[in-house]
Amino acid sequence: MGLMDMPVLAALTDKMRWHQARQGLLAENVANADNPGFKGRDLKQYNFEDRFSVVQAPVVSTATTQPRHFSTSIGGGTSFADDKMVNFEVTPKGNGITLEDEMMKVTTNMMDYQAATSLYQKSVKILRTALGKTA
């Protein structure tokens, strides 16, 4: 089992992908803010509990190389669903995109992505140190 096969690191990778996908939708909302009738979109909130509910319990089996080694395998895929935004404010052009709100979402999304990336990097560093490899 490689370091990247661990459920926590896989969930963090999934979270980072969610933030990347959300950044694209938010950028699309900002780019189309002046288009008449444009309806903004956003992703459903990412939830780690949902991620782990689709993951089945790991299957542990011994490897044939040495009896003290074992491996795990975890299945499950993810996809992100987007939602039409519910806009309480409609501009004169007929859309509900408020640039200030969208830029706040972009900034929050960027900060959350950086936090997930930092947590991922530090987790890998700790695991490498624990395994006796140079971090």
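Residues numbered from 1 in each chain as written. Predicted model: local features only at pLDDT ≥ 70, side-chain atom pairs only at ≥ 80, totals over all residues. Heavy atoms only, no water.

## Points about the environment of Arg 22
Applied cut-off: A helix here means a DSSP run of H or I that spans at least four residues, while a strand means a run of E at least two residues long, and both kinds are numbered starting from the N terminus. Here, residues are in contact when the closest pair of their heavy atoms is within 4.5 Å.
Residue placement: Arg 22 occurs in helix 1 (residues 7-31). Along the sequence, Arg 22 and Asp 42 sit 20 residues apart, while their C-alpha atoms lie 6.6 Å from each other. Not counting the four nearest positions on each side in its chain, Arg 22 is found in contact with Asp 42, Leu 43, Lys 105 and Asn 109.

## Brief notes about the packing of helix 1 against helix 3 (residues 99-130)
The condition that has to hold: As a rule, the C-alpha atoms of each element are fitted with a line to give its axis, helices using only the stretch in contact, and angles between N-to-C directions run from 0 to 180 degrees. The cut-offs work like this: below 35 degrees is roughly parallel, past 145 is roughly antiparallel, 65 to 115 is roughly perpendicular, and the gaps in between are oblique. Crossing chirality is assigned from the near helix's rotation relative to the far helix, an anticlockwise turn below a right angle marking it left-handed and a clockwise turn marking it right-handed. In the scheme used here, Gly and all other residues not listed as nonpolar or charged are polar, with Ala, Val, Leu, Ile, Met, Phe, Trp, Tyr, Cys and Pro taken as nonpolar and Asp, Glu, Lys and Arg as charged.
Here helix 1 crosses helix 3 at 160°, and the two axes come no closer than 9 Å. As summarised for this structure, helix 1 and helix 3 are arranged roughly antiparallel, according to the angle between their axes. As helix 1 runs across helix 3, the sense of the crossing is left-handed. In terms of residue class, the contact of helix 1 with helix 3 is made up of 16 nonpolar, eight polar and five charged.

## Side note on the packing of aromatic side chains
Where we set the bar: Any two of the Phe, Tyr and Trp rings considered here, Trp counted by its six-membered ring, make a pair once their centres fall within 6.5 Å; the pair's planes then place it as stacked at under 30 degrees, edge-to-face at over 60, or tilted in between. For each residue, the accessible area found with a 1.4 Å probe, counting protein chains only, is set against the maximum for its type, and the residue is called buried under 20%, exposed over 50%, and partly exposed in between.
Within the structure shown, the criterion is met by one aromatic pair. Ring centres 6.2 Å apart and planes at 55° place the aromatic pair Trp 18 and Tyr 46 in the tilted group. Residue Trp 18 is located in helix 1, and its partner Tyr 46 is located in the loop between strand 1 (41-43) and helix 2 (48-54); the two are separated by 28 residues in the primary sequence. Judged by relative accessible area, Trp 18 falls into the buried class, the value being 2%. By relative accessible area, Tyr 46 is classed as buried at 11%.

## Points about the pattern of salt bridges
Our working rule: The term salt bridge refers to a pairing of a side-chain nitrogen on Lys or Arg with a carboxyl oxygen on Asp or Glu at a separation within 4 Å.
Tallied over the full model, the rule gives three salt bridges. With a closest N to O distance of 2.8 Å, Asp 42 and Arg 22 form a salt bridge. Residue Asp 42 is located in strand 1, and its partner Arg 22 is located in helix 1; the two are separated by 20 residues in the primary sequence. With respect to burial, Asp 42 and Arg 22 carry one shared label: buried.

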